[in-house]
Amino acid sequence: MSPTSETAHGGRRLVIVESPAKAKTIKGYLGPGYVVEASVGHIRDLPSGAAEVPEKYTGEVRRLGVDVEHDFQPIYVVNADKKAQVKKLKDLLAESDELFLATDEDREGEAIAWHLQEVLKPKVPVHRMVFHEITKDAIQAAVANPRELNKRMVDAQETRRILDRLYGYEVSPVLWKKVMRGLSAGRVQSVATRLVVERERERIAFRSAEYWDLTGTFSTGRAGDPSDPSSLTARLAAVDGKRVAQGRDFGADGRLKSDSVLHLDEANARALAAALADTRFAVRSVESKPYRRSPYAPFRTTTLQQEASRKLGFGAKATMQVAQKLYENGFITYMRTDSTVLSDTAVAAARAQVTQLYGADYLPEKPRVYAGKVKNAQEAHEAIRPSGDRFRTPAETGLTGDQFKLYELIWKRTVASQMKDATGNSVTVKIGGTSADGRDAEFSASGKTITFHGFMKAYVEGADDPNAELDDRERRLPQVAEGDALAAEEITADGHATKPPARYTEATLVKELEEREIGRPSTYASIIGTILDRGYVFKKGTALVPSFLSFAVVNLLEKHFGRLVDYDFTAKMEDDLDRIARGEAQSVPWLKRFYFGEGEVSGGAADAGNGDGDHLGGLKELVTDLGAIDAREISSFPVGDGIVLRVGRYGAYVERGEREQEGYQKADVPEDLAPDELTVEYAEELLAKPSGDFELGTDPVSGHQIVAKAGRYGPYVTEILPEDTPKTGKNAVKPRTASLFKTMSLDTVTLEEALQLMSLPRVVGTDAEGVEITAQNGRYGPYLKKGTDSRSLTSEDQLFSITLEEALAIYAQPKQRGRAAAKPPLKELGTDPVSEKPVVVKDGRFGPYVTDGETNATLRTGDSVETITPERGYELLAEKRAKAPAKKTAKKAPAKKTAAKKTAAKKTTAAKKTAAKKTTAAKKTTTAKKTTTAKKAAAAKPE
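Residues numbered from 1 in each chain as written. Predicted model: local features only at pLDDT ≥ 70, side-chain atom pairs only at ≥ 80, totals over all residues. Heavy atoms only, no water.

Peer 1: Got a sec to walk through the overall build of the protein? Specific residues and values, please.
Peer 2: When helices and strands are counted, the protein shows 28 helices and 33 strands. The buried share among the 943 residues of the protein stands at 48%. Residue pairs in contact within the protein that sit at least 24 positions apart in sequence constitute 68% of those at least 6 positions apart. Here the protein displays about 45,000 Å² of accessible surface, and carbon together with sulfur accounts for 50% of that area. (Helix = DSSP H or I, 4+ residues; strand = E, 2+ residues; numbered from the N terminus. Buried < 20%, exposed > 50% of the residue type's maximum accessible area, 1.4 Å probe, protein only. Contact = heavy atoms within 4.5 Å. Areas by Shrake-Rupley, 256 points an atom, 1.4 Å probe, with all protein chains shown as cover.)

Following this line, the structure appears as structure tokens:
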């Protein structure tokens, strides 16, 4: 008897999904007798630090969270922020007769379901409920036809998790010791970073070549019309039978690849154009071929990310966030899929809409079938398509903003995939003539006409190259025949220069990773997000630019861990993980080979890497011998003329000469400088300017050196902590830092002023009830703070001069709501698809930022007010929300510790109690801030 049929006889069924939004939608389809609750993602994972590991474990187990000596047994702990939710699920389960685990139908979802079962320890029947769209029919069918947990999928996901933990926790400390604290390495993120760095190296090595050709406008001499133009434009193809060189004929060194082509310079091109001015031309050949273009396959995860980037300007992460909402609200099928397959129901729905919207002439006789092209694709999934057995048109959905745009893209692509081919003709016309000086010149023109647009009526794919012609672009040529005379209306000489290879965009990096079979398509958005967040890559427009820091990291990994960032080796690892998922390989023996080096991983992939033919042991052996790694050498890159770029603890800088010797020069490199822009000339300019670091002296109290620096958000002062100061984890120590006042400058600020700035916030005193008042310098300028009540100050100087009496007088005045002279926004971007509130760009103390009134996100390196798009703004806000701590009820959270700890001032117990009553609201804020601080610390952890 199925679970659905039993429901009619009473009983309570608990259905657990990942997200509250998904739970809300599904609950409406199941009705009474079912309780639908969310796990809110993973409920347990490997420990994030030794403090989370149970005390019975010691040694390496506490560091790694994995017992490598006992078959790589993972140590799982319930996430601290999920304990309350786990208790809630247990309480609901105690009142239920059956449990349905309805997490996503992929490896990650299967793993979440398994962890739920392991933690909840149900004593009632357990069913694995799977579906790939959230519609009433699909959900009810999933309840009626549950299956068992797929342990092979769970094992495969667990192996990936353990592998990534070992990689991250073993390699990242090497980066901390040899490059910079807080860095991370990852199985896929490091390879993705290497791809971006290698492309930049190609750009640095690139040498541009200049070449010229001719463009001619030729007339037939008759009146034209749209279907038969009177003239055509053709480009010079050959001179005296020798093909004229184009950009593709030059190598990256700026030289011709072959002598078989003619390289025209400006003088020769102009001379030839003049010699052809009075030439009689004729058509030498007309070659016509039938044109046919078949529709594109329905979307899978990566093609959706690429096309959303091209057409909508969405980043990979933003695309997946919008798609997640569409899926959870029942508009599209599951958005993490490698498959291009459509179900019979979906094919029928698409074909019905083709007939309805475009007519029977656009419907092929037989349904189109798209075979999966992705290796190791999870074919149980469908392609991404509109949900249901009848597709809603975009206008019928009621969607708005980015959700509407993405749904429309998916809908058009799906419908177009079941339409007829586009057909037409492509034509090539060759035109020739003899110049006044006897040279034979041949011009060529290509045209394309589409006689039946077929699927292009619904959808045309975008292009990564903004200058590329799209498939539906027509180029009509006059109807001419061989021997027809043509008159040259104009012949011009045109100069061109070869361009360096284009930097990756999110779309092209996703494409490259997929083509190399590195990582899984479902993880690409998070991988790109990680390398951006870690500072390995930043954006200039849509281009991904590697930082100088990433050059140092990749340099180290290539020279000392070559196998781990080898493209083929990484792809072969992915193959092995998929073999484990299919039950064709065992997890533990594979992990032993990878970690301890017993035998080969990936059937010969162990030979990939540094190419020196030496024995390559396992990961453990590779990270043990660090003596051969010269930290200075791997972080140094010659620029030219004796100038060297170095990556230091506080960023990149250029220097010339030896330190402490006469003539030594050093200058900081701007954070937003692309590596290929650091020429010898620009480095000379930097060295000619005053150094970005000004040593001010030593703090007499701490003994730390105080320096003034030029930062991305303006000049500031900071202290240099000792080398052995912990910078991550619970005991991390942050250097004191303070922005310079607007009246100060780097070359005039004194040590005394710097120490005074770093002493902020300053305790002004306490009010009659014992509540402390402090003077602080914040994002929007100087202000006073008393509990949760903040009041602006008129000048920065007041921070050190305002008295308690003056502060109390300010607080005695009614608080002004809003800003009396609020600055207008720098730019309006539109409505955020998540919060559905207007997004604007504003100018803040630390530079421009985007905000929807609830969430603020500072513009990153490479962003600017002039070039930022609405989609980029929404993406920044989405990333900021993703980093924000989950809202939770704080238990007896301590009130925020203010700068009072720095003073000798003490409060009485009675005063503390009074202040506590007035600052209860501040407690939740404190808890949230501590959570944010913890998350920032976690961001520096491996993986």
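Picking up after the structure, the text goes on.
Peer 1: Lay out the packing of aromatic side chains in plain terms, naming residues and giving numbers.
Peer 2: Within the structure shown, the criterion is met by 19 aromatic pairs. A centroid spacing of 6.3 Å and a plane angle of 75° characterise the contact between Phe 331 and Tyr 407, whose relative ring orientation is edge-to-face. You can see Phe 331 sitting in the loop between α11 (316-328) and α12 (344-358) and its partner Tyr 407 sitting in helix α14 (residues 401-416), a full 76 residues away along the chain. Of the two residues examined, Phe 331 and Tyr 407, each falls in the buried class. Ring plane angle 35° and centroid distance 6.0 Å describe the contact between Phe 741 and Phe 800, whose orientation is recorded as tilted. Of the two residues, Phe 741 is situated in the loop between β25 (737-739) and α23 (751-758) and Phe 800 in helix α24 (residues 798-801); the sequence distance between them amounts to 59 residues. Of note, Lys 311 hangs over the ring of Tyr 459, and the distance from its end group to the ring centre comes to 5.3 Å. The ring centre of Tyr 567 lies 4.3 Å from the NZ or CZ of Arg 516, which sits over that ring. (Phe/Tyr/Trp six-rings, centres within 6.5 Å; stacked < 30°, edge-to-face > 60°. Lys NZ or Arg CZ within 6 Å of the ring centre and 35° of its normal.)

Peer 1: Account for the nonpolar core, naming residues and giving values.
Peer 2: Of all hydrophobic cores here, the largest spans 143 residues; its most connected members are Ile 332 and Leu 406. Considering each element in turn, this core owes the most residues, 11 residues, to helix α7 (residues 151-178). Leu 406 has contacts with Leu 304, Ala 308, Leu 312, Thr 319, Val 322, Ala 323 and Leu 326, leaving out every residue within four places of it along the chain. Within the second largest apolar cluster, 25 residues are counted, among which are Leu 214, Leu 232, Ile 431 and Ala 441. (Core = buried A, V, L, I, M, F, W, Y, C linked by side-chain atoms within 4.5 Å.)

Peer 1: Which residues make up the packing of helix α18 (residues 567-581) against helix α19 (residues 587-596), and what values do they have?
Peer 2: Packing of α18 against α19 brings their axes to within 10 Å, and their N-to-C directions diverge by 160°. With respect to α19, the axis of α18 lies roughly antiparallel. Between α18 and α19 the crossing geometry is left-handed. Along the contact surface, α18 presents Phe 569, Met 573, Asp 576 and Ile 580, while α19 presents Ser 587, Trp 590 and Phe 594. The residue makeup of the contact of α18 with α19, split by class, is 5 nonpolar, 1 polar and 1 charged. (Axes fitted to C-alpha atoms, helices over the stretch in contact; angles between N-to-C directions. Parallel < 35°, antiparallel > 145°, perpendicular 65-115°, else oblique. Left-handed = near helix turned anticlockwise from the far one by under 90°. Nonpolar A, V, L, I, M, F, W, Y, C, P; charged D, E, K, R; others polar.)

Peer 1: I'd like to hear about the pairing of strand β26 (residues 762-766), residue by residue, with values.
Peer 2: In this structure, β26 lies alongside strand β27 (residues 772-778), joined through 4 bridges in antiparallel fashion. Opposite Val 763, over in β27, you have Thr 774 as the bridge partner. Connecting β26 to the next strand, β27, in antiparallel fashion are 5 residues, including Gly 770 with a positive phi near 90°. (Pairing = 2+ DSSP bridges.)

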